[in-house]
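Structure at a glance
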Amino acid sequence: IEYIGILLSTMLGFLLGLADDAYNTRPLFKFLTQVSCGIILLASGTEITLSNFEPINYIITIVWVVGIMNSLNMLDNMDAITTTVSISIILACLTMMFVHDEVDSIYFIMQIGVMAALIGFLYFNWHPSSMYMGDTGSQFLGVFLAAMGIKFLWNATPPSGDLISAKNLILPMLVFILPIIDTTTVTINRLLLGKSPFVGGKDHTTHALVYLGLNDRQVA
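Residues numbered from 1 in each chain as written. Predicted model: local features only at pLDDT ≥ 70, side-chain atom pairs only at ≥ 80, totals over all residues. Heavy atoms only, no water.

1. Side note on the overall build of the protein
Counting its regular elements, the protein contains 10 helices and zero strands. Walking the protein from its N terminus toward its C terminus, one meets helices and strands in the order α-α-α-α-α-α-α-α-α-α. Over its C-alpha atoms the protein spans a radius of gyration of 17 Å, differing by no more than 12% from the 17 Å that the globule rule assigns to 220 residues. If one aligns the C-alpha atoms of the protein with their principal axes, the spans along those axes are about 45 × 40 × 35 Å. With 220 residues in all, the protein has 45% of them scored as buried. A fraction of 70% describes how many contacts in the protein between residues 6 or more apart in sequence connect residues 24 or more apart. Element-wise, carbon and sulfur atoms account for 71% of the exposed surface of the protein, whose accessible area totals about 11,000 Å². Here the protein contributes 8 positive and 15 negative side-chain charges, whose respective centroids are spaced 10 Å apart. (Helix = DSSP H or I, 4+ residues; strand = E, 2+ residues; numbered from the N terminus. Rg over C-alpha atoms; globule rule 2.2 N^0.38 Å. Buried < 20%, exposed > 50% of the residue type's maximum accessible area, 1.4 Å probe, protein only. Contact = heavy atoms within 4.5 Å. Areas by Shrake-Rupley, 256 points an atom, 1.4 Å probe, with all protein chains shown as cover. Lys, Arg positive; Asp, Glu negative; His and termini not counted. Charge placed at Lys NZ, Arg CZ, Asp CG, Glu CD.)

Written as structure tokens, this is what we have:
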């Protein structure tokens, strides 16, 4: 059931991205569809077990899925950035599967397949890029990586029994640190300036590195 849920949620994420690229969908529709992706994962058993209080787990799971989908979308602002970050996240998940001797899992094959596709795509996405990911790619990857993060990073160790298990926060925060920091700082800065966080701009972490003197390839 978990496997079917991940397939359905990633399919919905892909279709959402495709619709957004083609028709520039409204933010509310996009948000509700992202929440639906999280609900599908929850209903099929892919859930963050961070707390012994189940409603907290539900809320954190939905926030995680929506947050990562938007983070990867926002991070896709320069050549090869989201692609390389996604490859590094998959490598971290695969490492955890090696540690826990789960290499015979269907999820191991799925991640190898997605990573291989990303490496092939990176050839065309490296600066100067001749192919772009768009929302179609970033929304699909957002759901997929959020689900893999839940299974192999958030739930890598059993919860401690506390209301919030702090040790279970460390691994996913480290692996997803770049999209999390980028989205958080951009959102806060735009809100402080009275701007919408959903409107694109040149204020991302990647742009800050360019302003410091790095070129696009060096940033990637």
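2. A few points about the packing of aromatic side chains
Applying the stated rule across the entire model yields seven aromatic pairs. Between Trp 64 and Phe 176, the aromatic rings sit 4.8 Å apart at their centres with planes inclined by 80 degrees, giving edge-to-face as the arrangement. In this pair, Trp 64 is assigned in helix α3 (residues 54-75) and Phe 176 in the loop between α7 (167-175) and α8 (177-192), connecting sequence segments 112 residues apart. Grouping residues by exposure puts Trp 64 and Phe 176 together as buried. Pairing Tyr 123 with Phe 124 gives two aromatic rings, centres 5.0 Å apart and planes at 85 degrees, and the pair type is edge-to-face. When its relative accessible area of 37% is taken as the criterion, Phe 124 is described as partly exposed. Ring pairs connect the aromatic residues Tyr 3, Tyr 107 and Phe 152, which therefore count as one cluster. Note that Lys 151 overlies the ring of Phe 152, its terminal NZ or CZ placed 5.7 Å from the centroid. (Phe/Tyr/Trp six-rings, centres within 6.5 Å; stacked < 30°, edge-to-face > 60°. Lys NZ or Arg CZ within 6 Å of the ring centre and 35° of its normal.)

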